[in-house]
Amino acid sequence: MSTSAETFEKCSEILKQISGDNSVPRNIRKSADESDALLKEDKEPTIVASTVISILDDISNDPNIPTHARTLIWNLLSELESIKD
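In this text, all values refer to a predicted model and were calculated from it rather than measured experimentally. (Residues numbered from 1 in each chain as written. Predicted model: local features only at pLDDT ≥ 70, side-chain atom pairs only at ≥ 80, totals over all residues. Heavy atoms only, no water.)

When you look at the overall build of the protein in this model, what are you seeing that I'm missing?
Each helix and strand in the protein was counted, giving four helices and zero strands. Put simply, the protein runs from its N terminus to its C terminus through helices and strands in the order α-α-α-α. Relative to the globule expectation of 12 Å for 85 residues, the C-alpha radius of gyration of the protein, 12 Å, shows essentially globular dimensions. Projected onto the principal axes, the alpha-carbon positions of the protein cover approximately 30 × 20 × 20 Å. (Helix = DSSP H or I, 4+ residues; strand = E, 2+ residues; numbered from the N terminus. Rg over C-alpha atoms; globule rule 2.2 N^0.38 Å.)

And the structure:
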């Protein structure tokens, strides 16, 4: 099982990919940037994971999000849920 730091690093890479994709609406890219910044903060991992999960859950329900980005976000949510437990 990976540590929370490894999971955050993996999630950060995917969030950078989403925020750099011009086919993703601007508001979703902005939320991905905010989430990436939160993952780099030095706080309790469960609190960071819960906060990022909340943000990602909101943007995954956005009707304008492309399918490929939604799938990436769902994968991130699964990774982050393992930290929350």
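Even after reading the chapter, I still don't get the side chain of S31, so can you show me in this structure?
Relative to the assigned elements, S31 resides in helix α2 (residues 26–39). Setting aside its immediate chain neighbours within four residues, S31 contacts I55 and I59. (Contact = heavy atoms within 4.5 Å.)

Help me understand the environment of T46, please; the structure alone is not making it clear to me.
Take T46: it is sitting in helix α3 (residues 45–60). Of the residues examined, T46 reaches a relative accessible area of 31% and is grouped as partly exposed. With 20 residues separating them in the primary sequence, T46 and R26 have C-alpha atoms 28 Å apart. (Buried < 20%, exposed > 50% of the residue type's maximum accessible area, 1.4 Å probe, protein only.)

What's the story with the packing of α2 against α3 in this structure? I'm lost.
In helix packing, the relevant descriptors are the interaxial angle and the interaxial distance, both defined with respect to the helix axes. Between α2 and α3, whose axes approach to 10 Å, the crossing angle comes to 175°. Comparing the axis directions of α2 and α3 gives the class roughly antiparallel. Counting all contacts with α2, which are made through I28, S31, S35, L38 and L39, the residues of α3 involved are V48, T51, V52, I55, L56 and I59. A breakdown of the residues in the contact of α2 with α3 according to their chemical character gives eight nonpolar, three polar and no charged. (Axes fitted to C-alpha atoms, helices over the stretch in contact; angles between N-to-C directions. Parallel < 35°, antiparallel > 145°, perpendicular 65-115°, else oblique. Nonpolar A, V, L, I, M, F, W, Y, C, P; charged D, E, K, R; others polar.)

Nothing here speaks to function; it is geometry throughout.
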